[in-house]
Amino acid sequence: MTIKNVQYDSGRVEELVRQLETFQKKEVKPESSSQASQLQQVADPGREERLSSQFLRSRMSVGSSFRQKELSSLLANSLRDSSPDVLRGYLQNIARASQGIDPARQSQTASSLQKVAQVIDKGTPGQRTIVANPLSQTDKALQAAESTQEEIEPILDTFNNIVGLLEPAIVIDQPVQRLVATATQPITSPVEARQKLSAAGLSKGSIDWMFDKTALRMANLSTDLLKEKVAPLSSSQEIEVAKKISKLSDTQADTFAKATPAQQKELIDFPAETLANKLDQLATTPSDPTPAPITDPTAARAKLTEIGFAGSTVRQIPDTAAVRLVALDADLLKEISLQNATSERAFARKIDGLPQEAFDKLKGLPKAEQTRIAKLTSQQMIEELSKITPPPPPPPPPAAKAEAVFNAVEIVLGRKPGSSAEKAAAAQVIKENLSVREIRDARSKRKDPELLADIYPKNGELKVSGNKKVFWNGYDRIHFAARHLIETFDTADIKSKNGWWPVGTTSEQLDGYLKTIIETYGSQIQLPNAGSTGPGFKYYDFDVPNSNGIKARVGIQSDGRITSFFATSGPNVISVSDSEVQTLLNIARS
């Protein structure tokens, strides 16, 4: 990881600490003449007015300066233990105390805790030492206070202001390993380019020296780079930098412009030849693949534990809630994990209770918007998400990966010839894609009242011939995945014939396929008659719209419930017998 503004580890950090300590001393007792003299020696003429403004809110909350003096006195004590475990304990206590305060303060406190949590998890020992004392003393102040809003709010106001003062010294800059295209449109006008360079602080002499093409290349670099690394140089040094940029090829210059500001600042210091080589390497580095969504409840619970959710929360929430939670933004989940277990479970229930369409919209939102909406009540969330244009129908799974697994199955089962090397490679593909942490004994959940009451689709109703409603439920979704997705196949329910959708197909895509089938062919479906001992049952075979030629079988009861849905043929659809499944599982587990 890299740490932003590392120069604050020395001079700036010390200055902030001195300012914090001076303010605390000032608040503990009336200012003496010697203290006034000391304050005047700090080279910060606007400091008194700024600190007064920062702490005005908390002083007004208390109603007198007496309580604020006590708080500052507590915060002035030193702390020796800055180990991560101790600091995380303080975070948990502060987060719990913030639950009963007004929403604005609660949101600000959550933001402060998130910043400090990043320091504890990813900061240097020096950065943890910086935050240790405020955390410890805030925790002590909260323990000493009565559990009333009037007592707790000024403590948290003080804590938030201290974190604000320390932020330049403790902010963590996450590493960016790949290039990220700039969000702004590139500058194409030489006049506009020269205006940007001038605004960034480059000298008139160096700007006048540049040809239009060089000026455009320079102006399309990040403003941070221009202001922090180029503008402080002399005019002749600025020209040397511009010469280096002018010697790049068009591809190299484009790669440089698309690099993040942090990457650009690192690259600009290299000599011209080294810079060109580095840019060639970056341009050919493949981007990281998008991680596959977590659909296994066990893996989802493990992820929640890793993020910091309480053990009781991880154990008690339903599988569906665990899988949904890990699909949300990781920073949002970390913020939730700083709260108590009761709040965590309440949040999980709220997310689990969202209609499927609303949840799909939520998990697809940018981080800031997802966080904003997730903090609303359930009804407010549904109302907000209803305003968002629904996502397009789910695309078919990646053809290349699905084809690779299909061919691997054919080779290891002897259906397709292969050399020793090809058989070894095929076995590795099976190990990587056939789940050995499958949904276990899915049929045991078939009478779960919560799953039976979880009706799909979540938005609107589906009708077939005779205006009869059809649906499937939470258990049916688990069954479709446990029987017919290779990644979650249930080895406790192997049949004489088993069919798997192409590798990469998800439960959400199955929902979309099934919904599209009913909407397309609903007029051709007649519900079967009820039997003498239970509901009747009937199969229908259809081409699956938007699936690249897959055919599927839909099994439906007389009450309209769809209890069976699987692919029968089509590109990369895998059909295996019970003995062949055992062969594949032996390979996957070897």
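Above this note sits the structure.
Presented here is a report on the structure given in the accompanying data block. Note that the structure is predicted; figures quoted are calculated from it, not measured.

The next point concerns the overall build of the chain. Of regular secondary structure, the chain possesses 30 helices and 11 strands. Sorting the 590 residues of the chain into buried and exposed places 44% on the buried side. In the chain, of all internal contacts separated by at least 6 residues, the share reaching a separation of at least 24 is 67%. Summed over its atoms, the accessible surface of the chain is roughly 29500 Å², and 51% of this surface lies on carbon and sulfur atoms.

At a closest axis distance of 10 Å, the pairing of helix α28 (residues 474-484) and helix α29 (residues 507-521) adopts a crossing angle of 110°. Here α28 is positioned roughly perpendicular relative to α29, judged by the angle of their axes. Relative to α29, α28 is oriented so that their crossing is right-handed. Between α28 and α29, the residues in contact are R477, F480 and A481 and S507, E508, L510, D511 and L514, respectively. Partitioned by chemical class, the residues of the contact of α28 with α29 number four nonpolar, one polar and three charged.

This part is about the pattern of salt bridges. For the structure shown, the criterion picks out 29 salt bridges. We note a salt bridge from D331 to K367, for which the minimum N-O separation is 2.6 Å. In this pair, D331 sits in helix α20 (residues 330-337) while K367 sits in helix α23 (residues 367-374), placing the two residues 36 residues apart along the sequence. If you follow the salt bridges from partner to partner, you end up with E369, R372, E384 and K387 in one network.

Here strand β10 (residues 562-569) lies mainly inside the structure; six of its eight residues are buried. For strand β9 (residues 551-557) and β10, the ladder comprises six bridges, and the chain directions are antiparallel. Paired with K551 across the two strands is S569, which belongs to β10. Once β9 ends, the chain turns through four residues before running back antiparallel as β10, passing G560 with a positive phi of about 90°.

Another aspect to go through is the side chain of R477. For R477, the position within the fold is in helix α28. R477 sits in the buried class, given a relative accessible area of 13%. The residues touching R477, leaving out its near neighbours within four places in the chain, are Q356, Y456, W472, S507, E508 and D511.

Angle between the axes and distance between the axes: these two values describe a pair of packed helices. Close contact between helix α26 (residues 420-433) and helix α30 (residues 578-589) brings their axes to 8 Å; oriented N to C, the two are set at 85°. Judged by the angle between their axes, α26 and α30 are roughly perpendicular. From α26, A427, I430 and K431 reach across to α30, where they touch L584, I587 and A588. Class assignment of the residues belonging to the contact of α26 with α30 gives a composition of five nonpolar, no polar and one charged.

Moving on, we come to the packing of aromatic side chains. Within this structure, the stated rule accounts for eight aromatic pairs. Aromatic ring contacts, followed pair by pair, group F480, W501, Y513 and F565 into a single cluster. Geometry around F359 places R324 over its ring, the cationic atom sitting 4.6 Å from the centre. A cation over an aromatic ring shows up here: K458 above the ring of Y456, its NZ or CZ 4.6 Å from the ring centre.

Rules used throughout
- Here, residues in each chain are numbered from 1, in the same order as that chain's written sequence.
- Predicted model: local features are reported for residues with pLDDT of at least 70 only, side-chain atom pairs are reported and counted for 80 or more only, and whole-chain, interface and lining totals are derived from all residues.
- Only hydrogens and water are set aside; all other atoms, that is, all heavy atoms of the structure, feed into the side-chain values.
- By definition, any uninterrupted DSSP run of H or I lasting at least four residues is a helix, any uninterrupted run of E lasting at least two residues is a strand, and each is numbered from the N terminus.
- Only protein chains enter the calculation, and the probe is 1.4 Å; a residue is then buried if its accessible area is under 20% of its type maximum, exposed if over 50%, and partly exposed in between.
- Should any heavy atoms of two residues lie within 4.5 Å, those residues are considered in contact.
- Note on areas: these come from Shrake-Rupley sampling with a 1.4 Å probe, and a residue is covered only by the protein chains present in the view.
- Axis angles are defined between N-to-C directions and span 0 to 180 degrees, where every axis is a line fitted to C-alpha atoms and, for a helix, only to the segment in contact.
- Roughly parallel means an angle under 35 degrees; roughly antiparallel, over 145; roughly perpendicular, 65 to 115; everything else is oblique.
- Working rule for handedness: look at the near helix, and if it is turned counterclockwise from the far one by less than a right angle, call the crossing left-handed; if clockwise, right-handed.
- All residues other than Ala, Val, Leu, Ile, Met, Phe, Trp, Tyr, Cys, Pro, Asp, Glu, Lys and Arg, Gly among them, are scored as polar; the first ten of these are nonpolar and the last four charged.
- Whenever a carboxyl oxygen of Asp or Glu lies within 4 Å of a side-chain nitrogen of Lys or Arg, that contact is scored as a salt bridge.
- For two strands to be treated as a pair, DSSP must find at least two bridges joining them.
- Under the pairing criterion, centres of Phe, Tyr and Trp rings, with the six-membered ring standing for Trp, must be within 6.5 Å; the plane angle then separates stacked pairs below 30 degrees from edge-to-face pairs above 60, leaving the rest tilted.
- Note on criteria: charge over ring means Lys NZ or Arg CZ within 6 Å of the ring centre, with the direction from the centre no more than 35 degrees off the ring normal.

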